[in-house]
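# What the coordinates show
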Amino acid sequence: MKLGVYNAVLHDRSLEEAIGVIAGLGLNGIEINSGGFLPPTHIPNIDEIVASPAAAKAFLATFEGTGVEIAGLNCNGNPLHPNPVIGEKHAEDVRRSIRAAAALGQNRVVTMSGLPGGEPGATRPNWIVNAWNSAALDVLDHQWEIAAAFWSDIDQLAKDHGVKVALELHPQNIVFNARDIRKLVELTGATHVGVEMDASHLFWQQADPVSVVRELGPLIFHAAAKDIRINPENAKLNGVLDNGFRRLREDEDRVNLGGDEWANEWPKDSSWDFVALGKGHDTAYWTEFIRALYEVDPDMCLNIEHEDTELGRIEGLEVAATVLRDAWAAFSGERSLSLSKGAVS
């Protein structure tokens, strides 16, 4: 397996410096943001890379001798957003990322399934979380029709370029759990669209990532090492579907998500938080997570995504990398022992 870091947390420094940080953590992969919600900070000449083999070769030369390799491209966004300023851009970022991955000799692109509006003419996405009434199923029928058409086309493009597209099972998307990805594959017949197994969003939905990996098997194409912590005093009052976010003002530091949409401030009394590996689930859990992924694909990329606001950028990566390395060592040691016993018997 390749253990690495999703580079968004290192967008405050150059690509060369980011590679140095990752190598210093004892990891060997970097998942590079290539569009979507965030700009392609570390691959700004992505269009040139798509168009020119020489540009692709020059970019790859950045990694030579570093011990760090590209471990996928990431263009998380909403390619199904009903506002074309957002949706069409994010959709094109997915297409461009597939072409760029192929140009760079990569075979994984991470993104999200997206979320359409609830009816024709809508301007905002509509996330149905509990379709107990017929109107909600009408919305879902409309959304699945849009999603199936888009992802059928993307599946063909990915197949043509020898790339697999891994969808993060992320809420506020039409595909956010095991049932949904199976439905998408059934509707489209996709062979090159599957799952990026980010454990964090499954944790707070009360799903078990290890069980999901074993259930979906070969539909798992890629993985993220990201933890969460449930805050029981708040969760027992508000549950985990928590809308206590605050809209940030124009004069505050905020992240644009496309068009006129911005990331909000996280609730101060949150029901759950993103945390570094080990602060929500211990090394033993991550050892089992690695085991499940390895059973699916021994060459799987597993990249740390750091969003723990209690820790600095490097501090959080150091905490997560320690847990990830320890989990890998535990799994590798158990596997070596099992193989040696098998050889003896």
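As shown above, the structure is provided for reference.
Let us look at the structure shown here.

## Looking at the sheet that holds strand 3 (residues 69–74)
One closed barrel holds the eight strands; their spatial order is 1-2-3-4-5-6-7-12, and the pairing between them is parallel. Strand-to-strand twist of the sheet, defined as the mean angle between neighbouring strand axes without regard to direction, takes the value 30 degrees. Bridge count between strand 1 (residues 2–6) and strand 2 (residues 29–33): three bridges; the pairing is parallel. Bridged to Tyr-6 within strand 2 is Glu-31. Strand contacts of helix 8 (residues 209–216): strand 6 (193–198) and strand 7 (220–225), with the helix running at about 160 degrees to strand 6, the strand carrying the most contacts.

## Observations regarding the nonpolar core
The nonpolar side chains of a soluble globular protein tend to be buried with one another. Ranked by size, the top nonpolar core spans 91 residues in total, and within it Trp-151, Met-197, Phe-289, Leu-293 and Leu-302 carry the most contacts. In terms of residue count, the dominant contributor to this core is helix 5 (residues 134–160) (10 residues).

## Points about helix 5
In this model, helix 5 (27 residues) spans 39 Å end to end at C-alpha, consistent with the 39 Å of a helix rising 1.5 Å per residue. Looking one or two residues beyond helix 5, the residue adopting positive phi is Gly-162, at roughly 65 degrees.

## What to know about the pattern of salt bridges
A complete count under the given rule lists 26 salt bridges for this structure. One salt bridge in this structure joins Arg-96 and Asp-47, with 3.4 Å as the shortest N-O distance. You can see Arg-96 sitting in helix 4 (residues 84–103) and its partner Asp-47 sitting in helix 2 (residues 46–51), a full 49 residues away along the chain. Residue Asp-47 is classed as partly exposed on the basis of its relative accessible area of 49%. The salt bridge partner of Glu-92 is Arg-99, with a shortest N-O separation of 3.9 Å. What makes Arg-99 partly exposed here is its relative accessible area of 31%.

## Examining the side chain of Ser-271
As for its placement among the helices and strands, Ser-271 is situated in the loop between strand 10 (261–262) and strand 11 (272–275). Residue Ser-271 is classed as buried on the basis of its relative accessible area, which comes to 0%. Of the polar contacts made by the side chain of Ser-271, one reaches the backbone oxygen of Gly-239; its length is 2.6 Å.

Rules used throughout
Residues numbered from 1 in each chain as written. Predicted model: local features only at pLDDT ≥ 70, side-chain atom pairs only at ≥ 80, totals over all residues. Heavy atoms only, no water. Pairing = 2+ DSSP bridges. Helix = DSSP H or I, 4+ residues; strand = E, 2+ residues; numbered from the N terminus. Axes fitted to C-alpha atoms, helices over the stretch in contact; angles between N-to-C directions. Contact = heavy atoms within 4.5 Å. Core = buried A, V, L, I, M, F, W, Y, C linked by side-chain atoms within 4.5 Å. Buried < 20%, exposed > 50% of the residue type's maximum accessible area, 1.4 Å probe, protein only. Expected span 1.5 Å × (residues − 1). Salt bridge = Lys/Arg side-chain N within 4 Å of Asp/Glu carboxyl O. Polar contact = N/O pair within 3.5 Å; in protein donor to acceptor, adjacent residues only side chain to side chain.

Keep in mind these values describe shape, not function.
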